[in-house]
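Tertiary structure, described
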Amino acid sequence: MLWIKSLHVIFMVTWFAGLFYLPRLFVYHAMSQDNISIERFKIMERKLFYGIMTPGGVLTVIFGLWMWLGYGITGGWMHIKFALVVALIAYHIYCGKLLNNFKNDRNTRSHVFYRWFNEFPVLLMIAIIMLVIVKPV
């Protein structure tokens, strides 16, 4: 189980790196005025989302489910963690929608929105780590 847990944590860190960085790219993309910068951000965002974030998220979920279902991890904390992970998946999918908006030059949000948007996964990460370590319920 320690191998599975290690892989789960490794891919979780990878996924969160993308969840933290992509909205930051959106901040700078929304502020950009010149075509060279705009096209560069489109490439960076696409590579981050499809090359790092999505594989990291998928593998995090696979190894997490393997531990949960394969080793019978139970408790109220796990159900809350599962709900928070579902919220992270929804956030990830919404990031993909925003990515598509930028790709097609249809962004309607300001850089200020993306600065606030970037904070949501931080709150979820704190809650998830507290649940896993403390197991309060």
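One structure accompanies this document, and this report is about it.

The rules we used
- Residues numbered from 1 in each chain as written.
- Predicted model: local features only at pLDDT ≥ 70, side-chain atom pairs only at ≥ 80, totals over all residues.
- Heavy atoms only, no water.
- Patch = residues over 30% accessible without salt bridge, like charges linked within 9 Å, V, L, I, M, F, W, Y side chains within 5 Å.
- Areas by Shrake-Rupley, 256 points an atom, 1.4 Å probe, with all protein chains shown as cover.
- Salt bridge = Lys/Arg side-chain N within 4 Å of Asp/Glu carboxyl O.
- Helix = DSSP H or I, 4+ residues; strand = E, 2+ residues; numbered from the N terminus.
- Buried < 20%, exposed > 50% of the residue type's maximum accessible area, 1.4 Å probe, protein only.
- Contact = heavy atoms within 4.5 Å.
- Core = buried A, V, L, I, M, F, W, Y, C linked by side-chain atoms within 4.5 Å.
- 1 Å grid on protein atoms, 1.4 Å probe; cavity = no way out; pocket = protein on both sides within 12 Å on 5 of 7 lines; lining within 4 Å.
- Points joined across faces, edges and corners; volume = space filled by probe spheres on them.
- Nonpolar A, V, L, I, M, F, W, Y, C, P; charged D, E, K, R; others polar.

The grouping of I126, I129, M130, I133 and V134 at the surface amounts to a nonpolar patch, some 500 Å² of accessible area in total. Relative to the helices and strands, V134 resides in helix α5 (residues 120-134).

Here D105, not a glycine, exhibits a phi torsion of approximately 55 degrees, which is positive. With respect to the helices and strands, D105 occurs in the loop between α3 (76-103) and α4 (111-117). Residue classification places D105 among the exposed positions, given a relative accessible area of 57%. Of note, K135 is a non-glycine position whose phi angle comes to about 50 degrees, a positive value. Relative to the helices and strands, K135 is located in the segment after α5.

A few words now on the environment of F120. On the secondary structure map, F120 appears in helix α5. The sequence separation of F120 and V134 amounts to 14 residues, and the corresponding C-alpha distance is 21 Å. Residues within four places of F120 in sequence aside, it is in contact with A87 and Y91.

With that settled, consider the nonpolar core. Nonpolar side chains in soluble globular proteins generally cluster together in the buried interior. Counting 31 residues, the largest nonpolar core has L19, L22, F26, M53, L88, C95 and Y114 as its most contacted members. Among the elements of the structure, α1 (2-31), α2 (35-70), α3, α4 and α5 are those that each provide at least two residues to this core. Setting aside anything within four residues of it in sequence, one finds L22 in contact with E45, L48, F49, M53, C95 and L99.

So, about the layout of surface pockets. Considered as a void within the structure, the largest pocket measures approximately 640 Å³ in volume. Lining the largest pocket are 28 residues; nearest its centre among them are H8, M67, K81, I128 and V132. Mapped onto the lining of the largest pocket, the elements with two or more residues apiece are α1, α2, α3 and α5. Residues that form the lining of the largest pocket fall into these classes: 22 nonpolar, three polar and three charged.

As a further point, take the pattern of salt bridges. As enumerated under the stated definition, the model contains two salt bridges in all. E39 is the partner of K42 in a salt bridge, and the nearest nitrogen-oxygen pair spans 3.2 Å. Of the two residues, K42 and E39 are both situated in helix α2; the distance of three residues between them amounts to about one turn of the helix. The class for K42 is buried, based on a relative accessible area of 13%. For E39, a relative accessible area of 40% puts it in the partly exposed group. Members of the salt-bridge network, linked through shared partners, are E39, K42 and D105.

Shape descriptors only; they carry no functional weight alone.
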